[in-house]
Amino acid sequence: MITDGFMYLSILVAFAALMVAFEKKFSGNRFFKFIPGIVLIYIGSAIMQTCGLFAHNDSTASVYTNVKGALLPAMLAIMLLKCDIRSIFKLGPRMLGGFLVAVVSILIGFVVVYIAFQHFYIKDTWKAFGALAGSWTGGSANMVALQGILKVPENIFGYALMMDTINYAVWVMFMFWLVPFAGKFNRWTKADTGFIQQGFEEAAAASSEEKSGIQFQDILYLLGIGLLISSLSTFAGQHLPEVGAVINGTSWTIMIASVIGLILGQTPVAKIAGALDVSNVMLYIIVALIASQSDFSNIAQAPIYLISGFLIMLIHLIIMLLLGKLFKYDLFTLGVASLANIGGMASAPMLAAAYSRALIPIGVIMALIGSFLGTYFGMVVAKILSIF
């Protein structure tokens with residue numbers, strides 16, 4: 001068992017590097033077309049945690065919190081340096097529509113599953129489902145707020161936390177797994193993907209230019225800028241007041257880092273080469289860290305709750321597919337809208353980045369909408385479920 005925090009981090013980074021090496025070496029293999037390297041990083045890191053390789057102690061917890069807390073704002077800021085701010089406005093009503101589709105489908109899933117299995121649940125499960133609905137339409141802060149609002153018993157709240165961990169981990173992995181199939185999905189729905197294609201072209205052009213011009217000083221510039229933005233954003237976020245239960249220090253930090261990155265992206269700083277490479281390194285390390293906290297060993301406990309979580313997600317998926325086909329939505333919009341709800345602020349921008357760095361602001365915006373409204377959506381679900 002690994003008890004040292006530095007060794008814990010080094011193993012995760014080395015494993016991420018190994019998976020990237022395999023993906024690059026066997027890039028023509030059909031396996032990597034269906035399961036990209038980032039998904040293998042997630043699966044492998046989660047398996048290591050499940051097998052008990054990493055200890056739960058102050059050393060590993062401190063490294064996880066500090067490294068993830070430092071890299072996430074830095075990654076977002078660096079990725080946004082070359083983002084065309086006009087891409088935010090190209091979705092317009094479709095962005096809001098995609099978010100609404102995701103919210104409605106999740107709420108329907110909670111109601112349908114609870115009605116179907118209510119006789120298998122222990123008393124007051126509707127309260128736990130209300131709190132979980134707040135998390136899956138907003139974030140963990142919304143879930144904690146609803147736990148106090150609804151007075152969810154601690155034992156039942158534990159089941160909700162288990163669902164929020166295990167079901168969520170599988171869903172994040174599934175969303176990243178779908179990325180390579182975006183082209184086929186968009187052709188099926190006949191979606192207009194002009195804004196996405198432009199994002200790909202911009203990223204490809206920038207990457208092509210950077211490959212031949214990256215110098216060591218460029219990497220140092222980006223690391224210095226990204227980490228400085230991260231530290232300043234974290235400091236400011238910790239000293240800004242909380243707004244209700246949804247805007248906390250983490251929310252402020254990510255918002256501030258994103259805004260600074262967007263602003264710098266309109267200045268000569270955007271001309272620094274290597275932003276994509278440096279931010280991707282951070283992205284893969286963050287994914288490995290997040291996955292290393294996903295313990296699947298509790299799957300055998302309280303199976304009815306885990307089954308319920310997967311059924312809620314299945315209903316959510318089916319409704320998203322049907323409405324995506326009906327209204328000709330692209331996979332990016334549906335996927336980011338889904339993860340902005342179920343995953344929140346940390347996950348949605350990362351999924352957006354997997355499509356194109358030019359689209360990261362959309363993930364941030366959708367996640368922010370959920371952060372503001374998740375508590376109220378959870379209260380609506382709890383009110384409905386209390387009737388049955």
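Owing to the predicted nature of the structure, the values given are computational and were not obtained by experimental measurement.

**Observations regarding the overall build of the chain**
Here is step 1 of the chain: A tally of regular secondary structure across the chain gives 17 helices and zero strands.
Here is step 2 of the chain: Of all 388 residues assigned to the chain, the portion counted as buried reaches 53%.
Here is step 3 of the chain: Counted over contacts in the chain with a minimum sequence separation of 6, partners at least 24 positions apart contribute 83%.
Here is step 4 of the chain: For the chain, the computed accessible surface area is about 17000 Å², with 70% contributed by carbon and sulfur atoms.

**Brief notes about the confidence of the model for the chain**
Predicted coordinates in regions of low pLDDT should not be interpreted in detail.
Here is step 1 of the chain: Per-residue pLDDT for the chain has a mean of 82; in total, 85% of the residues score no lower than 70.
Here is step 2 of the chain: Here helix α10 (residues 194–211) stands out as the least confident element of the chain, with mean pLDDT 54; helix α11 (residues 216–239) is the most confident, with 93.

**A closer look at the nonpolar core**
Here is step 1 of the chain: Counting 115 residues, the largest nonpolar core has Met 75 and Phe 110 as its most contacted members.
Here is step 2 of the chain: Counting residues per element, this core draws most heavily on helix α8 (residues 154–178), at 14 residues.
Here is step 3 of the chain: In this view, Phe 110 contacts Phe 129, Leu 132, Ala 133, Trp 136, Ile 312, Val 381 and Leu 385; residues no more than four positions away in its chain are not counted.

**Points about the side chain of Ser 308**
Here is step 1 of the chain: Tracing the backbone shows Ser 308 in helix α14 (residues 303–327).
Here is step 2 of the chain: Excluding residues that lie within four positions of it along the chain, Ser 308 makes contacts with Val 113, Tyr 121, Phe 129 and Met 163.

**Examining α11**
Here is step 1 of the chain: Along its 24 residues, α11 runs 35 Å from first to last C-alpha, staying within 8% of the 34 Å computed at 1.5 Å per residue.
Here is step 2 of the chain: Turning to α11, its buried residues are Asp 218, Leu 222, Gly 226, Ile 229, Ser 230, Ser 233 and Gly 237.

**Examining the packing of aromatic side chains**
The description of two aromatic rings rests on the distance between their centres and on the angle between their planes.
Here is step 1 of the chain: Scanning the model with the defined rule gives 12 aromatic pairs in all.
Here is step 2 of the chain: Centre to centre, the rings of Tyr 114 and Phe 129 are 5.9 Å apart; their planes meet at 70°, and the pair counts as edge-to-face. In this pair, Tyr 114 sits in helix α5 (residues 93–117) while Phe 129 sits in helix α6 (residues 125–136), placing the two residues 15 residues apart along the sequence. One exposure class covers both Tyr 114 and Phe 129, and it is buried.
Here is step 3 of the chain: Where Phe 117 meets Phe 120, the ring centres are 6.1 Å apart and the plane angle is 50°; that geometry is what we call tilted.
Here is step 4 of the chain: These aromatic residues form a ring-pair network of at least three members: Phe 110, Tyr 114, Tyr 121, Phe 129, Trp 136 and Tyr 305.

**Details of a nonpolar patch on the surface**
Here is step 1 of the chain: Side chains of Ile 115, Val 380, Ile 384, Ile 387 and Phe 388 sit close together on the surface and give an oily, nonpolar patch of about 440 Å² of accessible area.
Here is step 2 of the chain: Summarising the element assignment, Ile 384 is placed in helix α17 (residues 360–385).

Cut-offs and rules
Note on numbering: residues in each chain are counted from 1, in written sequence order. Per-residue local features of the predicted model are confined to residues with pLDDT of at least 70, and side-chain atom pairs are confined, for both listing and counting, to 80 or more; whole-chain, interface and lining totals are unaffected and use all residues. To get the side-chain values, all heavy atoms of the structure are used, and hydrogens and water are removed first. Helical segments are the DSSP runs of H or I of at least four residues, strand segments are the runs of E of at least two, and each set is numbered from the N terminus. Each residue gets one of three labels from its accessible area relative to the maximum for its type: buried under 20%, exposed over 50%, partly exposed in between, using a 1.4 Å probe on protein chains only. Between two residues, a contact is recorded if the distance between any of their heavy atoms is within 4.5 Å. Only the protein chains shown count as cover for residues, and all accessible areas are computed by the Shrake-Rupley method using a 1.4 Å probe. The predictor rates its confidence in each residue with pLDDT, a number between 0 and 100. Definition of nonpolar core: a set of buried residues of the types Ala, Val, Leu, Ile, Met, Phe, Trp, Tyr and Cys, connected through side-chain atoms within 4.5 Å. Given the number of residues in a helix, its expected span is that number minus one, multiplied by 1.5 Å. Note on ring pairs: Phe, Tyr and Trp rings are taken, using the six-membered ring of Trp, and paired if centres are within 6.5 Å. Classes follow the plane angle, with under 30 degrees stacked, over 60 edge-to-face and the rest tilted. Like charges are joined within 9 Å and nonpolar side chains (Val, Leu, Ile, Met, Phe, Trp, Tyr) within 5 Å, but only among residues with over 30% relative accessible area and no salt bridge; these make up the patches. Salt bridge criterion: a side-chain nitrogen from Lys or Arg within 4 Å of a carboxyl oxygen from Asp or Glu.

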